[in-house]
Amino acid sequence: MCLNVAACANLILDFLKMANIPFRNVHRVSHLFQPLSATHSAIKTKINDTKTYKNLINYGLIRPVNNGMYAFLPLGLRVLNKLINLVDHEMERIGAQKLMLPALTSKRLWKQTDRFESNKTELFKIEDRHRKEYILSPSYEETICDLIASVGILSPKLLPLKLYQVSNKWRDEMKPRLGFLRSKEFVMKDLYTFDKTLDDAKKTYDLVCDAYDNVFKKIGITFRKAVGDTGLIGGLLSHEYHYTSNIGEDIICVCSSCQYSINKTICEESHCPQCKNKFLEQHTAEVGHTFLLDTKYSKPLNALYKTHTNELLPLAMGSFGLGLSRIFTVAAEALSVEDDLRWPKGLAPYTVCIIPPKTGSKEDTASEYVDQILTILDQLNIDTILDDRTKLTIGSRLIYARQSGFPYVIVIGKKAMQVPPLFEIHNVSDSAYHEVPLESIYNYFNDENNKAEEAHISKVAV
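Residue numbers run consecutively from 1 along every chain, following the written order of its sequence. At least 70 in pLDDT is required for a residue's local features to be given in this predicted model, at least 80 for side-chain atom pairs to be given and counted, and no such filter applies to totals for whole chains, interfaces and linings, which use all residues. Computation of side-chain values: all heavy atoms of the structure, hydrogens and water removed.

Asker: Teacher, can you tell me more about the environment of Val254 here?
Answerer: Note on conventions: DSSP H or I runs of at least 4 residues are helices, E runs of at least 2 residues are strands, and numbering of each starts at the N terminus. Looking at the element boundaries, Val254 is found in strand S12 (residues 250–255). Here, residues are in contact when the closest pair of their heavy atoms is within 4.5 Å. Once residues lying within four places of it in the same chain are set aside, the contact partners of Val254 are Arg224, Gln259, Tyr260, Ser261, Lys278, Phe279, Leu280 and Gln282.

What follows is the structure, given as structure tokens:
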């Protein structure tokens, strides 16, 4: 109970003032867990590691924890989660259902499909207290078929069935390098489809490939879809998705005329089979792979359906993978410059960074505009971070925003003190700079969003 009337009145006034300020969960740089090594003793990397890979570590987006194993730190995880959300949207659009399978797969299943012996040098193998043997799964064809078999015979009404997951996968990589390009633990989206016949499976295969095309178009980096090697997973048909990159380990043969592409490892001709023009070679990094499997896994593992004549037949399958942590690595490599990380705008950890004036500067009073700018960006559903380290200069904070990969920076500087106040908008990706009044910020970012939508129609060679 308050005995002092004046004190009570002041408390009430303070409460009313606070009540008029909208509550906002503002993301602040000062609260961000982002261990920076660039200006201190940088983490030791190899001589042939790329600048972008070093920057991912030194600017605090990922952190090595073991040889070939990395932690995603908060900024890096935001990039990965945006990518996952994009993929989820496209998977839902084609009717795929998301699940989560256990990391451990019985070694027995891999022996049943004759995959264990050909893969065992790259498999992590463990044994439980009862001496049952398991592997840490690099892919889940056996696991998903065993799951389908365990629920019984599928009704044709459930088909086509499309089941996918996003999870960590493991490979005992001999020479890990460049982060997630060659790592022992990586993040992958794997989808498995089940159909009645091979013809039906081909239609589903095309449907999923279209969804993959949309994923890469929305990311916005030019990609190539090439005829691929079925390799150790096997099947009747395979396609690979590639980014052109010097850090990649693949070479694809590309026709400059019709854009037909094929992995060099399975290319037997020097000329394109479609138009007879000579192939050109490109160094690339594979970031996605699709397989038309037919009954390679469903038959030995008894993943069956019942026909209208009560006949039991193995399901025709497809297997589809997206290397999400690989896309993370190669996308950064494709777009970044010497000292700054760059991301596709839809995947950047924060789309906008607001930099208010330095404390004690002549422009300090212009900090009052922060809340109004945040309100405008909230209306556009733009994720924003506030660099509230106002003891630092605007220049040093602008360098930080560029290094971290924020595509837009709004600076509240000297021009914010004039009438009408103007605010600096830096488009980091395009190296463009604009001075706009407060009422034009909404239209600026709305126009940028519209440009991004148009840019989703990316160049692709199929």
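Asker: Sorry, what's going on with the sheet that holds strand S7 (residues 133–136) here?
Answerer: Strand pairing in a sheet is mediated by backbone hydrogen bonds. Such pairs are either parallel or antiparallel. Between any two strands, at least two bridges found by DSSP are needed for them to pair. Spatial ordering of the open sheet is given by S5-S7-S6, a layout of three strands whose pairing is antiparallel. In this open sheet, the two strands that pair with only one neighbour each are strand S5 (104–106) and strand S6 (124–127). Sheet twist, expressed as the average angle between the axes of neighbouring strands with direction ignored, equals 40°. Orientation is described by axes fitted as lines to C-alpha atoms, over the contacting stretch for helices, and by angles from 0 to 180 degrees between their N-to-C directions.

Asker: For this particular structure, what's the right way to read the pairing of strand S9 (residues 185–195)?
Answerer: Look at any regular strand and the pattern is simple: side chains alternate between the two faces of the sheet. For every residue, the accessible area obtained with a 1.4 Å probe (protein chains only) is divided by the maximum for its type, and the residue is called buried under 20%, exposed over 50%, and partly exposed between those limits. Burial of S9 is extensive: 10 of the 11 residues sit out of reach of the surface. With 10 bridges joining them, strand S8 (residues 161–170) and S9 adopt antiparallel strand pairing. Considered in S9, the bridge of Asn168 is made with Val187.

Asker: I tried to follow the packing of aromatic side chains on my own but got confused; where do I start?
Answerer: Describing an aromatic ring pair means giving the distance of the ring centres and the angle of the ring planes. Only Phe, Tyr and Trp rings take part, Trp by its six-membered ring, and two of them pair if their centres are within 6.5 Å. Stacked means planes under 30 degrees apart, edge-to-face means over 60, and tilted covers everything else. Taken as a whole and assessed by the stated rule, the structure comprises 20 aromatic pairs. Between the aromatic rings of Tyr350 and Phe406, the centroid separation amounts to 6.1 Å while the plane-to-plane angle is 75°, which identifies the pairing as edge-to-face. Pair noted here: Tyr350 is in the loop between helix H8 (324–335) and strand S18 (352–355) and Phe406 is in the loop between helix H10 (394–404) and strand S20 (408–411), with a separation of 56 residues, a long-range link. For Tyr350, a relative accessible area of 4% gives the class buried. Here Phe406 falls in the buried class, since its relative accessible area comes to 1%.

Asker: Can you walk me through the pattern of salt bridges in this structure?
Answerer: Oppositely charged side chains can form a pair if their charged atoms are brought close together. By convention in these notes, a salt bridge is any Lys or Arg side-chain nitrogen within 4 Å of a carboxyl oxygen on Asp or Glu. Taken as a whole, this structure holds 24 salt bridges when the rule is applied. When the shortest N-O distance is used, the salt bridge between Glu142 and Arg115 registers 2.7 Å. Highlighted residues: Glu142 in helix H6 (residues 141–150) and Arg115 in the loop between helix H4 (107–112) and helix H5 (116–119), separated in sequence by 27 residues. In this structure, Glu142 and Arg115 share a single accessibility class: buried. Taken together, the shared-partner salt bridges in this structure form one network comprising Arg171, Glu173, Arg177, Arg182 and Glu249.

Asker: What exactly am I supposed to notice about the nonpolar core here?
Answerer: The biggest cluster of nonpolar side chains holds 67 residues, and the ones touching the most others in it are Met91, Phe216, Ile219, Tyr243, Leu324 and Trp343. Tallying contributions element by element places helix H7 (residues 198–219) first for this core, with nine residues. Setting aside anything within four residues of it in sequence, one finds Met91 in contact with Ala96, Tyr164, Lys189, Leu191, Ala211 and Tyr212. Only buried residues count toward a nonpolar core. Its members are Ala, Val, Leu, Ile, Met, Phe, Trp, Tyr and Cys residues joined through side-chain atoms within 4.5 Å. Core analysis: the second largest hydrophobic core is formed by 24 residues, Val352, Leu386, Phe423 and Phe445 among them.

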